[in-house]
Amino acid sequence: MKIVSVVGARPQFIKCAPVSKELRKEHKEILVHTGQHYDANMSDVFFKQLNIPKPDYNLGIGSGSHGVQTGKMLAGIEEVLMKEEPDIVMVYGDTNSTLAGALAASKLNIPVAHVEAGLRSYDRTMPEEINRVMTDHISSLLFCPTKTAVENLEKEGITKGVCLTGDVMVDALQHNLKIAEKESTILKDLKLEGKEYFVATVHRQSNTDSRENLTTIFNAFCEITQITSSPLIFPVHPRTLKYLKKFGLSETIPEGLILTDPLPYPDMLMLMSKAKKILTDSGGIQKEAYILGVPCVTLRENTEWVETINNGMNVLTGSNKNKIISALKRNRVEISLKDSIFKKGNASLLIASKIRSKESI
Ligand code: UD1
């Protein structure tokens, strides 16, 4: 079969790496990079380190308002699809690249396969939630990471083509953590060996673009380093850096708060795996924290990864400073991957085999 895979943003490079490897064993894959993420440390470094084949097309779309960004992608992807005439289009996650890929394909009557289907935060103010709902409703194959995701689709009347595969990020994490343990020097570079420390990330539009929310989150980070005397490592997304500067927050940074560029995936995994706690508004990092057994504080009012909340490994605090600080009082727990809600690391294999038997679904 000829498959066009559409990626564009950092988490999609991570998700597509293990799937692409499996697909290429028996199918022809054409890789399209929309160019949504374009900084070297948000894109190129992931392709190199995750051994993702060079994209056949890079549409170079870059940043823009949601309408402009998605619209340009839609036109660019449509052109590729008309030329390549694939049997199926694969899309990943919930970004504007996901929606554009799915929409372009469905308008040309090409079946869409959605990896990470069925997630819902039930917050329609999030651009990602709109992208999830729209993509699921125009997909023919829906690969769900969890049982909850399957049930969410059922509630919306989607039962055909739905398949519970487990989470491809478990595949990626297991593979890359082994590499990181051998090769990553991040703990040494940041002088963290044998020390207790926290890791934090923020990039969600509702947190970065709001002066009030970004300021309270940033103040909470500063206070944590003072209360605990432990460093807090904060790899900063380009969107966040832009707003930290705009709101004048990057001018006085306390000693224990260590801002870095976005980190390569193995370094990020290494850093997270040894952290005391993780603070984040990223969906992927909430899940990685859970798999690694590190308690997570989620800087949002809701989450699409509800299972992580149910067993207390993850706490929702929004951007409330007091809630963020009091949520830090939980300990690490050991989670057996065997029993994990995200399954055990063979999702890519299952996806490839379902694609093979597409007709029977
Ligand atoms: C996007 C996804 C989000 C995903 C995140 C992962 C959407 C709606 N959002 O958010 O779901 O979790 O990627 O990182 O698709 N920028 C750069 N260099 C880059 C990329 C971005 O400087 O390489 C800056 C630009 O100023 C841009 C801003 O970051 O305007 C936001 O980028 P964008 O791709 O629109 O959204 P993300 O915040 O990255």
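Here's what I pulled together on the structure shown here. Worth saying up front: this structure is predicted, and the values here are computed from it rather than measured.

What counts, and at which threshold
- Residues numbered from 1 in each chain as written.
- Predicted model: local features only at pLDDT ≥ 70, side-chain atom pairs only at ≥ 80, totals over all residues.
- Heavy atoms only, no water.
- Phe/Tyr/Trp six-rings, centres within 6.5 Å; stacked < 30°, edge-to-face > 60°.
- Helix = DSSP H or I, 4+ residues; strand = E, 2+ residues; numbered from the N terminus.
- Buried < 20%, exposed > 50% of the residue type's maximum accessible area, 1.4 Å probe, protein only.
- Pairing = 2+ DSSP bridges.
- Right-handed = clockwise from strand over helix to strand, strands pointing away.
- Axes fitted to C-alpha atoms, helices over the stretch in contact; angles between N-to-C directions.
- Contact = heavy atoms within 4.5 Å.
- Near = heavy atom within 4 Å.
- Polar contact = N/O pair within 3.5 Å; in protein donor to acceptor, adjacent residues only side chain to side chain.
- Areas by Shrake-Rupley, 256 points an atom, 1.4 Å probe, with all protein chains shown as cover.
- Parallel < 35°, antiparallel > 145°, perpendicular 65-115°, else oblique.
- Left-handed = near helix turned anticlockwise from the far one by under 90°.
- Nonpolar A, V, L, I, M, F, W, Y, C, P; charged D, E, K, R; others polar.
- Salt bridge = Lys/Arg side-chain N within 4 Å of Asp/Glu carboxyl O.

Take the packing of aromatic side chains next. As enumerated under the stated definition, the model contains four aromatic pairs in all. Note on F13 and F46: the rings are 6.5 Å apart at their centroids and 50° apart in plane angle, and the pair reads as tilted. Linking F13 in helix α1 (residues 10–23) with F46 in helix α2 (residues 44–49), this pair joins segments that are 33 residues apart in sequence. Note on accessibility: F13 and F46 belong to one class, buried. Look at F13 and F47: their rings are 4.9 Å apart centre to centre, the planes differ by 55°, and that puts the pair in the tilted class. Taken together, the residues span a long stretch of sequence, with F13 in helix α1 and F47 in helix α2 at a distance of 34 residues. There is no split in this pair, since F13 and F47 are both buried.

All right, on to unusual backbone geometry then. Here the phi dihedral of N51 falls at roughly 55°; this positive angle occurs in a residue that is not glycine. By the secondary structure assignment, N51 is in the loop between α2 and β3 (57–58).

Before going further, it helps to examine the pairing of strand β6 (residues 141–144). The side-chain alternation of β6 yields two buried faces, one formed by L141 and F143 and the other by L142 and C144. As judged from the three bridges shared by strand β5 (residues 112–115) and β6, these two strands associate in the parallel manner. Paired with H114 across the bridge in β6 is L142. Inspection of the sheet shows β6 paired to strand β7 (residues 162–164) by three bridges, in the parallel sense. Considered in β7, the bridge of C144 is made with L164. Remark: the β6/helix α6 (residues 147–155)/β7 crossover connection has right-handed handedness.

On to the sheet that holds strand β12 (residues 296–298), then. Pairing between the strands of a sheet is mediated by backbone hydrogen bonds and can be parallel or antiparallel. Within the open sheet, the six strands sit side by side as β10-β9-β8-β11-β12-β13. Their pairing is parallel. Of all the strands in the sheet, just β10 (257–260) and β13 (314–316) have a single pairing partner and so form its edges. If you compare each strand with its neighbour and ignore which way they point, the axes differ by 20° on average. Most of the contacts of helix α12 (residues 265–273) go to strand β8 (residues 198–201), to which it runs at about 130°, and overall it touches β8, β9 (232–235) and β11 (277–280).

This next bit is on the site of the ligand. Around the ligand, a shell composed of 20 residues is seen, among which Q36, H37, D39, N96 and R239 lie nearest. At a separation of 2.8 Å, an oxygen atom of the ligand approaches a polar backbone atom of D39. Within the backbone of N96, one N or O atom sits 2.8 Å away from an oxygen atom of the ligand. Protein contact buries 91% of the 740 Å² of open area that the ligand shows by itself. Residue assignment for the shell around the ligand shows that the elements contributing at least two residues are α3 (66–84) and α11 (238–246).

Bringing the packing of α12 against helix α13 (residues 283–292) into the picture now. What describes two packed helices is the angle between their axes and the distance between those same axes. One can describe the packing of α12 onto α13 by two numbers: an axis separation of 10 Å at closest approach and a directional angle of 55°. Classified by the interaxial angle, the pair formed by α12 and α13 is oblique. Note that α12 runs across α13; the crossing there is right-handed. The residues of α13 that touch α12, namely those facing Y265, M268, L269, M272 and S273, are I285, E288 and L292. Looking at the contact of α12 with α13 residue by residue, the classes come out as six nonpolar, one polar and one charged.

Take the side chain of H237 next. Here H237 shows up in the loop between β9 and α11. Not counting chain neighbours up to four residues away, the residues in contact with H237 comprise R10, H37, M42, V202, H203 and P262.

Turning our attention to the pattern of salt bridges. Taken as a whole and judged by the stated rule, the model has 17 salt bridges. R300 is the partner of E304 in a salt bridge, and the nearest nitrogen-oxygen pair spans 2.6 Å. The exposure classification of E304 matches that of R300, with both residues buried. A network of salt bridges, in which partner residues are shared, links D94, E129, R132, R300 and E304.

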